[in-house]
Amino acid sequence: MATRKSGPLDAMVGARIRMFRVDRGISQTMLAERIGVTFQQVQKYERGADRVGASRLAQIASVLGVSVGELFESSRPGSSGLNSPVHLLAEPGALRVLKALHE
């Protein structure tokens, strides 16, 4: 059986999961409980270390109140993907800094 390694798309999806999760004020533990995994698994998804299966991706999207497509938005043709400024918001603390500056 072939080993499936995560790649750049997995990292981008994980970053978008983190961005939406932080924006909604949901902790990794809370998200993990609602989708039936450990918070460590959520960390792996967000880092792109582990791939997110289709059904789990649908669960995550439902908990975050977004469509599955929104988790892939940066991967559309013509978009800048990982070079997008949106990707920067997935960095730890970045969204909090942006919100603080907006106040």
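Use the structure listed above.
Residue positions within a chain follow its written sequence, with the count starting from 1. Only residues with pLDDT of 70 or above have their local features reported here, since the model is predicted, and side-chain atom pairs are shown and tallied only from 80 upward, although totals for entire chains, interfaces and linings are computed over all residues. For the side-chain quantities, the full set of heavy atoms in the structure was used; hydrogens and water were omitted.

## A few points about the nonpolar core
Soluble globular proteins tend to pack their nonpolar side chains together in the buried interior. Heads up, the rule is: In this text, buried Ala, Val, Leu, Ile, Met, Phe, Trp, Tyr and Cys residues form a nonpolar core when linked through side-chain atoms within 4.5 Å. Here's how the labels work: a residue is buried when its accessible area is under 20% of the maximum for its type, exposed when over 50%, partly exposed in between, all with a 1.4 Å probe on protein chains only. Every residue pair with non-hydrogen atoms within 4.5 Å of one another is taken to be in contact.
Formed by 20 residues in total, the largest nonpolar core has its most connected members in Ile 17, Leu 31, Ile 35, Ile 60, Leu 64 and Leu 71. Other than its neighbours up to four places away in sequence, Ile 60 contacts Ile 17, Ile 35, Tyr 45 and Val 52.

## A closer look at the pattern of salt bridges
We apply this condition: Within this document, salt bridges are pairs made up of a side-chain nitrogen of Lys or Arg and a carboxyl oxygen of Asp or Glu, the two lying within 4 Å of each other. Helix numbers and strand numbers start at the N terminus; a helix is a DSSP run of H or I with at least 4 residues, a strand a run of E with at least 2.
As enumerated under the stated definition, the model contains four salt bridges in all. Residues Arg 21 and Glu 46 are paired through a salt bridge, measuring 2.5 Å at the closest nitrogen-oxygen approach. Linking Arg 21 in helix α1 (residues 8–23) with Glu 46 in helix α3 (residues 39–47), this pair joins segments that are 25 residues apart in sequence. Overall, the relative accessible area of 6% leaves Arg 21 in the buried class. Taking relative accessible area as the criterion, Glu 46 reaches 8% and is therefore assigned buried.

## Looking at the environment of Ser 6
Selection rule: Residues adjacent in sequence count toward polar contacts only when both atoms are side-chain atoms; beyond that, a polar contact is any pair of N or O atoms within 3.5 Å, and within protein one must be able to donate a hydrogen and the other to accept it.
Tracing the backbone through its elements, the reader meets Ser 6 in the segment before α1. Residue class for Ser 6 comes out partly exposed when judged on its relative accessible area of 30%. Sequence separation of Ser 6 and Tyr 45 is 39 residues, and the distance between their C-alpha atoms is 9.7 Å. Contacts of Ser 6, omitting those with residues within four sequence positions, involve Gly 48, Ala 49 and Arg 51. For Ser 6, the side chain forms a polar contact with the main-chain oxygen of Gly 48, separated by 2.6 Å.

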